[in-house]
Amino acid sequence: MGWFKNWKNKRKLKKYMKKTPEEEYEIYKRRLLRGESETSARADLTQLHKYKPKK
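Now for a quick tour of the structure. Nothing here was measured: the structure is a model prediction, and the numbers come from that model.

## What to know about the pattern of salt bridges
Enumeration according to the criterion identifies two salt bridges in this entry. Between glutamate 36 and arginine 34 there is a salt bridge whose closest N-O contact spans 3.7 Å. As a salt-bridge pair, glutamate 38 and arginine 42 come within 3.5 Å of each other at their nearest N and O atoms. With relative accessibility at 45%, the residue glutamate 38 sits in the partly exposed group.

## Side note on unusual backbone geometry
Even without glycine at this site, aspartate 44 takes up a positive phi of about 65°. Here aspartate 44 is to be found in the segment after helix H3 (38-41).

## Considering a positive patch on the surface
On the surface, Lys8, Lys10, Arg11, Lys12, Lys14, Lys15 and Lys18 cluster together into a positively charged patch. One can find lysine 12 in helix H1 (residues 2-16). A residue is classified by how much of its surface remains accessible, and lysine 12, at 48% relative accessible area, is partly exposed.

## Overview of the nonpolar core
In this structure, Tyr25, Ile27, Tyr28, Ala41, Leu45 and Leu48 together form the largest nonpolar core, which totals six residues. Sorting elements by how many residues they give to this core places helix H2 (residues 21-34) first, with three residues. Sequence-distant contacts of alanine 41, that is, excluding residues within four places in its chain, are made with Tyr28, Arg31, Leu32 and Glu36.

## Some remarks on H2
Its 14 residues place the ends of H2 20 Å apart at the C-alpha level, agreeing with the 20 Å of an ideal helix rising 1.5 Å per residue. Within the span of H2, buried status applies to Pro21, Glu24, Tyr25, Ile27, Tyr28 and Arg31. Buried residues of H2, seen end-on, are gathered within an arc of 160° and therefore sit on one face of the element. Projecting away from the buried face of H2 at angles above 90 degrees are the exposed residues Arg30, Leu33 and Arg34. Where H2 is buried, its residues meet H3. Looking at the residues trailing H2, positive phi occurs at glycine 35, about 105°.

What counts and how
- Residues numbered from 1 in each chain as written.
- Predicted model: local features only at pLDDT ≥ 70, side-chain atom pairs only at ≥ 80, totals over all residues.
- Heavy atoms only, no water.
- Salt bridge = Lys/Arg side-chain N within 4 Å of Asp/Glu carboxyl O.
- Buried < 20%, exposed > 50% of the residue type's maximum accessible area, 1.4 Å probe, protein only.
- Helix = DSSP H or I, 4+ residues; strand = E, 2+ residues; numbered from the N terminus.
- Patch = residues over 30% accessible without salt bridge, like charges linked within 9 Å, V, L, I, M, F, W, Y side chains within 5 Å.
- Areas by Shrake-Rupley, 256 points an atom, 1.4 Å probe, with all protein chains shown as cover.
- Lys, Arg positive; Asp, Glu negative; His and termini not counted.
- Charge placed at Lys NZ, Arg CZ, Asp CG, Glu CD.
- Core = buried A, V, L, I, M, F, W, Y, C linked by side-chain atoms within 4.5 Å.
- Contact = heavy atoms within 4.5 Å.
- Expected span 1.5 Å × (residues − 1).
- Arc of directions from axis to C-beta.

All quantities given are derived from atomic positions and should not be read as evidence of function.
Below is the structure:
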């Protein structure tokens, strides 16, 4: 029964852990400033292509 409770809680939390494209862009910028490569900075950011920063 323990694995089922864990699975159920993880599934519920997934909805709240989703980030907006703006938040993902902030994470991406922070990673680039830290010195990571572009591919590693884009890792796990699925909505990054939807956000276009204002110039």
